[in-house]
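Descriptive analysis of the structure
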Amino acid sequence: MAAFRRVSCAILLTRAPLARVVVRSSSNDQQHQENGTSTFSEKDETNASLTPANNSYDRLSEDFSGASTVPFSREITQVLMSPVVENDVEIKPDGLIYVPEIKYRRILNHAFGPGGWALVPRGESLQFQNEKDNSQLIVREYALFCLGRFVSQTVGEHTFYSSNNMVYGKAMEAAKSNALMRCCKDLGVASELWDPQFIIEWKEKYAVSTWCENIRTREKKKLWRRKDRKPTIAFQYPWKEISQEK
């Protein structure tokens, strides 16, 4: 199992505000104060002990504001849960099917309008380095809000190699797109991608498994591509298609 080494981690520490207890003084209380005696009763002590030391509930309400309060309108729901366009589906060499993230953005813009939704980062990004193959994993948590209401929260991630041309900014954008696609699952967008029967039928209709060879190591294995994709476009160096599965 590959060992990961954590490169950097930013942790924000905040001091919770102390509970503020307001005690109204009566005329008798003022008289006791003038005489130097205390008016703090056992009942007051009990109430003070029940007061939370921080406003965690208020912060929780803000972080998940509007969650599950009321369903979205029928028009919005129809846009979000409309059947996926089969021609929009792509397949990775390992056989995983997906819809490009730009399609999710277009669906959200169509349903809520530009500016009617937002993917909000939660916390700082974390970066881990795999010492075995020199790859780097970037992770960051995001929350999706639509029409001012909390919808979903998940972690976006992306792995890239320092030897290629991908810069840190592009890797962060890829992690954000990954989080967006995961959040949209809770809205029912492209839910067919997790339906085993749809996956089987789509692969039979649109994809093909082919034998490929690594031209550097001579390793051979089966990889997937769309039937309408040329092998030179579907497979990147150093992989090359050598035969198609019958």
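Residues numbered from 1 in each chain as written. Predicted model: local features only at pLDDT ≥ 70, side-chain atom pairs only at ≥ 80, totals over all residues. Heavy atoms only, no water.

Using the following cut-off: UniProt positions are given in the numbering used here, feature names are shortened, and annotations may be inferred rather than shown by experiment.
Per an unreviewed UniProt entry, the protein is named Mitochondrial genome maintenance protein MGM101, and its organism is Acropora cervicornis. Check the Subcellular location (unreviewed entry) section of the UniProt entry for the protein; it says "Mitochondrion matrix, Mitochondrion nucleoid". If you open the UniProt record of the protein and go to Sequence similarities (unreviewed entry), you find "Belongs to the MGM101 family."

Describing helix H5 (residues 101-112)
Just so we agree on the cut-off: A helix here means a DSSP run of H or I that spans at least four residues, while a strand means a run of E at least two residues long, and both kinds are numbered starting from the N terminus. Here the expected length of a helix is defined as 1.5 Å per residue gap, with one fewer gap than residues. Exposure classes here rest on a 1.4 Å probe applied to the protein chains alone. A residue is buried below 20% of its type maximum, exposed above 50%, and partly exposed in between. For this quantity, the arc is that covered by the directions from the helix axis to the C-beta atoms. Should any heavy atoms of two residues lie within 4.5 Å, those residues are considered in contact.
Over its twelve residues, H5 extends 17 Å from the first C-alpha to the last, a length consistent with the 16 Å expected when each residue adds 1.5 Å. Here H5 has its buried residues at Tyr104, Arg105, Leu108, Ala111 and Phe112. With its buried residues spanning 130 degrees around the axis, H5 presents them on a single face. More than 90 degrees from the buried face of H5, the exposed residues found are Arg106 and His110. Where the residues of H5 are buried, they touch helix H4 (74-80), strand S4 (117-130), strand S5 (135-146) and helix H6 (168-183). Positive backbone phi, at 85 degrees, marks Gly113, one or two positions downstream of H5.

Remarks on H6
The end-to-end C-alpha distance of H6 is 23 Å, a good match for the 22 Å that 16 residues give at a rise of 1.5 Å each. Taken together, the buried positions of H6 are Ala171, Met172, Ala175, Ser177, Asn178, Ala179, Leu180 and Cys183. If you follow the buried residues of H6, they end up packed against H5, S4, S5 and strand S6 (149-161).

Quick notes on the pattern of salt bridges
Just so we agree on the cut-off: The term salt bridge refers to a pairing of a side-chain nitrogen on Lys or Arg with a carboxyl oxygen on Asp or Glu at a separation within 4 Å.
Summed over the entire model, instances satisfying the criterion amount to twelve salt bridges. With a shortest N-O distance of 3.4 Å, Asp88 and Lys103 are connected by a salt bridge. Taken together, the positions of Asp88 in the loop between H4 and strand S2 (90-91) and Lys103 in helix H5 put the pair 15 residues apart, joining distant regions of the chain. Overall, Asp88 belongs to the partly exposed group, its relative accessible area being 23%. Its relative accessible area of 23% is what places Lys103 among the partly exposed residues. Its salt-bridge partner being Arg225, residue Glu241 comes within 2.8 Å of it at the nearest N-O pair. On the criterion of sequence distance, the pair formed by Glu241 in strand S9 (residues 239-244) and Arg225 in strand S8 (residues 220-226) is long-range, its members being 16 residues apart.

Section: unusual backbone geometry
Put simply, Tyr237 and Pro238 share a cis peptide bond, and its omega is 15 degrees. The backbone phi angle of Leu147 is positive, close to 55 degrees, even though this residue is not glycine. Here Leu147 lies in the loop between S5 and S6. The partly exposed category is assigned to Leu147, whose relative accessible area is 47%. The phi angle at Ala190 is positive, at roughly 50 degrees, despite the residue not being glycine. Here Ala190 lies in the loop between H6 and helix H7 (196-206). According to the relative accessible area criterion, Ala190 is buried, its value standing at 7%.

Side note on the nonpolar core
Spelled out, the test is: By nonpolar core is meant a set of buried Ala, Val, Leu, Ile, Met, Phe, Trp, Tyr and Cys residues that side-chain atoms within 4.5 Å join together.
By size, the foremost hydrophobic cluster in this structure holds 35 residues, and its most contacted members are Phe112, Leu144 and Leu187. Going through the elements one at a time, H4, H5, S4, S5, S6, H6 and H7 are the ones with two or more residues in this core. If one sorts the elements of this core by residue count, H6 sits on top with six residues. Excluding its chain neighbours within four sequence positions, the residues that come into contact with Leu187 are Phe72, Leu80, Met81, Leu108, Leu144, Cys146 and Val151.

Section: the packing of aromatic side chains
Short version of the rule: For Phe, Tyr and Trp, rings pair up if their centres lie within 6.5 Å, where Trp contributes its six-membered ring, and each pair is then called stacked (planes under 30 degrees apart), edge-to-face (over 60) or tilted (otherwise).
What the rule picks out here adds up to three aromatic pairs. Geometrically, the ring pair formed by Phe72 and Phe112 is edge-to-face, given 5.1 Å between the ring centres and 65 degrees between the ring planes. Here the residue Phe72 occupies a position in the loop between helix H3 (56-63) and H4, and Phe112 occupies one in helix H5, the gap between them amounting to 40 residues. Since its relative accessible area comes to 18%, Phe72 is described here as buried. Relative to Tyr206, the ring of Trp202 lies with its centre 5.4 Å away and its plane at 25 degrees, an arrangement referred to as stacked.

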